Amino acid sequence: MLIETRDFGQMEVLEADKIYFVEPIYGFEEYRRFVLLCENEMPGFFWLQSMDEPALCFILVEPQVVQENYAPTLPVAEISQKLGQGKTNLLLMTVIRDNVKDSTVNLRSPVVLNPKTQNGMQVILEESLPIRYPLAGEGANA
Amino acid sequence: MLILSRKCNESILVGENIEIIVTEISGDKVKLGIKAPGAVTILRKELFLTIEDNRAASKAVDSSALKKMLDGLKPKA
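Anyway, here's the lowdown on the structure attached to this text. Only a predicted model underlies this, so the values are computations on that prediction, with no experimental measurement involved.

1. Quick look at unusual backbone geometry
For Gln118 of chain A, which is not glycine, the phi dihedral falls at a positive 60°. Mapping Gln118 of chain A onto the fold places it in the loop between β9 (111-114) and β10 (119-122).

2. Observations concerning the pairing of strand β2 (residues 18-26) of chain B
All names here are of chain B. Relative to β2, strand β1 (residues 11-14) is paired through 4 bridges, and the arrangement is antiparallel. Looking at the pairing, Leu13 lines up with Glu19 of β2. With antiparallel pairing between neighbouring strands as the criterion, β1 and β2 make up a hairpin whose turn holds 3 residues, including Gly15 at a positive phi of roughly 60°. Bridge analysis of β2 against strand β3 (residues 29-35) gives 7 bridges, and the strand direction is antiparallel. Bridging from a neighbouring strand, Ile25 pairs with Val30 of β3. A loop of 2 residues connects β2 with β3, the two strands running antiparallel in sequence, and Gly27 in this loop sits at a positive phi of about 60°.

3. Examining the sheet that holds β1 of chain B
All names here are of chain B. Read from one edge to the other, the open sheet built from 3 strands follows the order β1-β2-β3, with strand pairing classed as antiparallel. A single partner strand is all that each edge strand has here, and the edge strands are β1 and β3. Taken over all neighbouring pairs, the strand axes of this sheet differ in orientation by 25° on average, direction set aside.

4. A few points about the interface of chain A and chain B
Between chain A and chain B, the residue contacts involve 39 residues of the former and 26 residues of the latter. Surface buried jointly by chain A and chain B totals about 2,700 Å² across both partners, of which 65% is contributed by carbon and sulfur atoms. On the surface where chain A and chain B come into contact, there are 2 salt bridges. With a shortest N-O distance of 2.7 Å, Asp53 of chain B and Arg132 of chain A are connected by a salt bridge. Between chain A and chain B we count 5 residue pairs in polar contact (both at pLDDT 80 or more) in total. Per-class residue counts for the side of chain A that touches chain B are 22 nonpolar, 9 polar and 8 charged.

Thresholds, definitions, all that
- Residues numbered from 1 in each chain as written.
- Chains lettered and ligands numbered in written order.
- Predicted model: local features only at pLDDT ≥ 70, side-chain atom pairs only at ≥ 80, totals over all residues.
- Heavy atoms only, no water.
- Helix = DSSP H or I, 4+ residues; strand = E, 2+ residues; numbered from the N terminus.
- Pairing = 2+ DSSP bridges.
- Axes fitted to C-alpha atoms, helices over the stretch in contact; angles between N-to-C directions.
- Contact = heavy atoms within 4.5 Å.
- Buried area = accessible area lost by both parts, 1.4 Å probe.
- Salt bridge = Lys/Arg side-chain N within 4 Å of Asp/Glu carboxyl O.
- Polar contact = N/O pair within 3.5 Å; in protein donor to acceptor, adjacent residues only side chain to side chain.
- Nonpolar A, V, L, I, M, F, W, Y, C, P; charged D, E, K, R; others polar.

Spelled out as structure tokens, the structure:
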């Protein structure tokens, strides 16, 4: 099906690209239907595009791009109850600013996706990880 | 910042119409009861910060700035 996206104009998306947020992204309660898009030139990054509002889009990143050993304790029971059984993937919310040094990633509240059931949710971890961790990593050069 | 010690079931009053009560102390967790008018928003801090961060995250980005930024990052395999 054809959808209007914020950053890529009109795009053809497949059923398999769709994600339904069983629990909404905090602050965006009315938006549940999204598609996950990626761009060949930007591996590790994903665009979470709302299917209902073309202007609503989040840029997510694979944790390993930012922190190789990101392996937080997850509320597994709650996750499988909400998203269904099966392996889940974590993606992190990024706040991208014009200057690399100002761009950040949220390690505290990962987006959890179950690719098999195509359900998603955002989890706020108990561990007090930073909400605004530098995307370029600690001590990295821009 | 004002620091107060409370035992279980003791209260703190904030402003004219907010009361915070320690309802349970168990291990390293404290359970707090909050009485406030319905119009007052009460959130765990990390939830408030997550909402704020999500809102910032949803702002549109100039894709050339994004590409330039990515040139400075090395995705780990």
